[in-house]
Amino acid sequence: MLKNPSTKYQPFPAVALNGRRWPSRTITQAPIWMSTDLRDGNQSLIDPMSIDTKIEFFEMLVRIGFKQIEVGFPSASQTEFDFVRRLIEENRIPDDVTIEVLTQSRAELIERTFESLDGVPRAIVHLYNAIAPSFRKIVFGLGKDEVKALAVEGTRLIKQMAAARPQTEWTYQYSPETFSMTELGFAREVCDAVAGVWQPTPAHKMIVNLPATVEAAMPNVFADQVEWMDRNMAFRDSIVLSVHPHNDRGTAVAAAEMALLAGADRIEGCLFGNGERTGNVDLVTLAMNLYTQGISPGLDFSDIDAVRRTVERCNQLPVHPRHPYAGDLVFTAFSGSHQDAIRKGLAQQRADAIWEVPYLPIDPADVGRNYDAVIRVNSQSGKGGTTWLLERGIGATPPRRMQIEFSRIVQGVADRSGVEVTPQGICELFRKTYFDAKGPLARATADTLSCNGRSFPTPPAGADAAQYAASIAKAIGRSIVVVDIEEQRTAEGKVAVFVGVRIGAAGEVGQAGIHCYGAAIRESKEMAVIDAVMASVNRGIGVTAPDEQAALEFA
Ligand SMILES: CC(=O)SCCNC(=O)CCNC(=O)[C@H](O)C(C)(C)COP(=O)(O)OP(=O)(O)OC[C@H]1O[C@@H](n2cnc3c(N)ncnc32)[C@H](O)[C@@H]1OP(=O)(O)O
Ligand SMILES: CC(C)C(=O)C(=O)O
Ligand SMILES: [Mg+2]
């Protein structure tokens with residue numbers, strides 16, 4: 001990279017716009033959406049879609065709720081042409097959907113475009129030509145008037161051809177390609193000239209689509225450009241003002257949203273931001289951003305994973321795991337403080353209340369995700385995350401001090417392995433640690449326990465944990481005090497008992513000795529209590545592993 005990039009690159013000029021209105025507006029309704037996945041998205045793929053793939057994609061777009069779909073560039077190739085024919089001949093276009101096709105301003109291409117549309121009930125014919133200074137100079141070698149004439153001539157030709165086919169309801173769209181890099185006065189001049197030929201009316205509007213063909217400035221600059229056009233274009237009441245942001249600076253979503261504030265009525269883009277180079281603006285993110293503000297986007301992503309899978313298969317491109325709303329990891333927290341807040345938020349969230357779960361901008365269930373992956377545990381995780389997974393795995397919540405103790409054991413495992421501990425792994429570790437703690441105590445018969453092979457009776461039916469502890473203490477010659485006990489009913493209707501004991505030397509009182517927990521889930525409370533006490537004592541007197549021993553000491 002250059003030490004002084006100003007020798008090669010220059011800052012984008014600001015727009016002279018007095019009293020700009022867009023910064024103080026808010027978005028209150030969804031725009032008209034136009035999916036250009038099958039055109040701009042498709043033209044940027046390594047291998048363009050086959051006809052069958054395009055049909056699959058088209059049908060998905062219809063299911064999502066798109067009413068305008070750019071289906072291709074029919075004069076570009078036989079595949080593109082045949083796809084349009086199949087949509088029409090096989091009656092695949094629903095009555096409330098309008099297909100759109102793109103063409104350059106060249107007579108033979110426009111003719112072929114109309115040929116592809118023969119018999120279509122409705123269609124948008126979309127003409128483009130680049131009008132920015134560098135394109136005039138480098139690509140076309142044309143002056144301003146000639147570039148304008150290219151747009152005007154193409155429009156005239158399309159108007160003639162449309163008029164000759166009155167059985168179709170035609171809409172005309174013009175895109176001054178490279179709009180955002182063009183002098184605003186000239187962009188308006190070209191658009192006004194095109195509209196002057198088409199003669200749109202409020203009842204029969206045309207679409208003027210303003211592309212950031214290559215995103216070259218901050219989104220506020222694009223908003224200024226759009227507001228300037230909104231204020232100054234001729235025929236404004238007869239024009240649907242559309243924008244087509246690309247994402248070269250990574251700010252296409254912001255540019256599109258600010259363009260809506262600035263007066264745009266319609267947005268063109270692709271699902272998950274596919275498209276030339278860094279892509280077109282991502283329509284999924286835009287739609288879901290509206291949704292999070294309580295505005296219905298009119299697009300349905302209730303099963304966002306199914307949409308993502310189809311798009312990935314058709315485009316043969318992966319969607320990033322951190323892609324907004326749709327990526328595999330976007331509703332997942334690994335870090336302790338995030339997990340803690342999410343767990344508390346989900347516990348407090350009422351089904352009929354405004355969504356207010358920390359770190360989750362939307363309810364994953366709204367896009368068809370479950371809560372399974374919301375929390376995943378590795379060495380960055382804390383007790384909140386571990387407890388969440390336990391709650392879901394064993395159906396009960398250990399007491400707080402036990403959560404702290406177990407979380408340290410999990411962290412030790414994660415730290416040593418360096419990888420995630422699975423939910424199954426966490427439940428298994430909990431079971432091994434607290435349910436099946438091996439030690440000198442065991443059940444001998446239904447109403448006797450044994451310690452190192454010597455049997456002694458359990459207290460009578462209905463005894464509590466303290467009584468069991470006392471009887472075990474007597475048998476093993478130690479002091480055992482129950483310091484914590486919690487009983488819960490699991491979702492399966494069993495009884496979960498968590499017991500914390502302090503074990504000391506015989507007759508020892510106060511805080512001396514070691515504290516440890518045991519747990520049991522059983523059909524009956526009595527069985528659960530005795531097994532949990534037994535497990536806690538076994539852990540206290542039977543553990544040998546240094547890590548576990550360390551974990552036994554409370555924080
Ligand atoms: C920003 C965008 O996404 S625009 C859409 C881009 N999409 C595509 O290009 C995909 C489909 N395109 C194609 O299949 C081909 O480019 C075709 C069939 C349209 C044209 O192919 P070719 O005739 O071989 O021309 P080529 O692809 O080299 O295009 C460049 C020519 O088109 C001219 N051109 C470019 N845009 C336009 C336009 N909007 N109107 C008229 N002419 C144009 C160029 O000036 C150049 O002309 P030149 O050869 O006289 O210098
Ligand atoms: C054809 C136009 C709208 C385009 O794709 C662009 O300018 O990016
Ligand atoms: Mg584009």
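Just so you know, these numbers come straight off a predicted model, no measurement behind them. (Residues numbered from 1 in each chain as written. Chains lettered and ligands numbered in written order. Predicted model: local features only at pLDDT ≥ 70, side-chain atom pairs only at ≥ 80, totals over all residues. Heavy atoms only, no water.)

Student: Quick question: what am I supposed to make of the coordination of the magnesium ion (ligand 3) here?
Tutor: Tetrahedral coordination by four donors places them ideally at 109.5 degrees to one another around the metal; octahedral coordination by six donors ideally gives 90 or 180 degrees. Note on the magnesium ion (ligand 3): its protein donors are Asp 40 (OD), His 244 (NE2) and His 246 (NE2). The metal-donor distances range over 2.0 to 2.2 Å. Counting the intervening residues between successive donors of the magnesium ion (ligand 3) yields the motif D-x203-H-x1-H. Of the two residues, His 244 and His 246, both sit in the buried class. (Donors = N, O, S within 2.8 Å, 3.2 Å for Na, K, Ca; no water. Buried < 20%, exposed > 50% of the residue type's maximum accessible area, 1.4 Å probe, protein only.)

Student: Would you mind showing me how to read the UniProt feature "binding site: Mg(2+)" (unreviewed entry) in the protein chain here?
Tutor: As annotated in UniProt, the feature "binding site: Mg(2+)" (unreviewed entry) corresponds to Asp 40, His 244, His 246 and Asn 280 in the numbering used here. With the annotated positions falling across 241 residues, the maximum pairwise C-alpha distance of 10.3 Å places them together in a single cluster. Checked against the element boundaries, Asp 40 lands in helix 1 (residues 37-43). Residue contacts for Asp 40: discarding those within four places in its chain leaves His 244, His 246, Gly 275, Glu 276 and Asn 280. As for its placement among the helices and strands, His 246 is situated in the loop between strand 7 (239-245) and helix 9 (252-261). Residues in contact with His 246, not counting those within four places in the same chain, are Asp 40, Ala 212, Thr 213, Glu 215, Ala 252, Glu 276, Arg 277, Gly 279 and Asn 280. Within the structure, the side chain of His 246 is placed 3.1 Å from the backbone oxygen of Gly 279, a separation counted as a polar contact. (UniProt positions renumbered as here; feature names shortened; annotations may be inferred. Helix = DSSP H or I, 4+ residues; strand = E, 2+ residues; numbered from the N terminus. Contact = heavy atoms within 4.5 Å. Polar contact = N/O pair within 3.5 Å; in protein donor to acceptor, adjacent residues only side chain to side chain.)

Student: Before we go on, may I ask you to explain the sheet that holds strand 9 (residues 441-445) in this structure?
Tutor: The pairing of strands in a sheet comes from backbone hydrogen bonds and takes either a parallel or an antiparallel form. Spatial strand order, 9-10-11: three strands in an open sheet with antiparallel pairing. Among the strands making up the open sheet, the edge pair consists of strand 9 and strand 11 (454-457). Between one strand axis and the next, the sheet turns by 40 degrees as a mean value, whatever way the strands run. Note that strand 10 (residues 448-451) and strand 11 share four bridges and pair antiparallel. Within strand 11, the residue paired with Leu 449 across the bridge is Phe 456. (Pairing = 2+ DSSP bridges. Axes fitted to C-alpha atoms, helices over the stretch in contact; angles between N-to-C directions.)

Student: Please explain the site of ligand 1 as it appears in this structure.
Tutor: Around ligand 1 there are 14 residues in total, and Arg 39, Gln 43, Ser 105, Arg 106 and Tyr 128 lie nearest to it. One of the side-chain N or O atoms of Arg 39 is found 3.1 Å from an oxygen atom in ligand 1. Note that a nitrogen atom of ligand 1 is positioned 2.5 Å from one of the backbone N or O atoms of Tyr 128. Against a free-state accessible area of 1,000 Å², the protein chains account for coverage of 57% of ligand 1. Put simply, the parts of the chain that give the shell around ligand 1 at least two residues each are helix 1, strand 4 (122-130) and helix 5 (133-140). Class assignment for the residues of the shell around ligand 1 results in six nonpolar, five polar and three charged. (Near = heavy atom within 4 Å. Areas by Shrake-Rupley, 256 points an atom, 1.4 Å probe, with all protein chains shown as cover. Nonpolar A, V, L, I, M, F, W, Y, C, P; charged D, E, K, R; others polar.)

Student: Whenever I open this one, the environment of Leu 329 confuses me. Can you help?
Tutor: Within the secondary structure, Leu 329 is located in the loop between helix 11 (304-315) and helix 12 (336-348). Residues Leu 329 and Pro 399 lie 70 residues apart in sequence; the distance between their C-alpha atoms is 30 Å. Beyond its immediate chain neighbours, meaning those up to four positions away, Leu 329 contacts Pro 321, Arg 322, Phe 334 and Arg 376.

Student: Just checking my understanding: could you explain the packing of aromatic side chains for this structure?
Tutor: Each pair of aromatic rings is reported with the distance of its centres and the angle of its planes. Applying the stated rule across the entire model yields nine aromatic pairs. Measuring from ring centre to ring centre gives 6.5 Å for Phe 179 and Phe 222, while their planes differ by 70 degrees; the resulting arrangement is edge-to-face. One end of the pair, Phe 179, is in the loop between strand 5 (169-177) and helix 7 (184-198); the other, Phe 222, is in helix 8 (residues 219-232), and 43 residues separate them in sequence. Accessibility assignment for this pair places Phe 179 and Phe 222 in one class, buried. Taking 5.6 Å as the distance between ring centres and 85 degrees as the angle between the ring planes, the aromatic pair formed by Phe 430 and Phe 435 counts as edge-to-face. Judged by its relative accessible area of 0%, Phe 430 is buried. With relative accessibility at 15%, the residue Phe 435 sits in the buried group. Through successive ring pairs, a cluster of aromatic residues spans Phe 406, Phe 430, Tyr 434, Phe 435 and Phe 498. Looking at Arg 112, its charged tip hangs above the ring of Phe 81, at a distance of 3.6 Å from the centre. (Phe/Tyr/Trp six-rings, centres within 6.5 Å; stacked < 30°, edge-to-face > 60°. Lys NZ or Arg CZ within 6 Å of the ring centre and 35° of its normal.)

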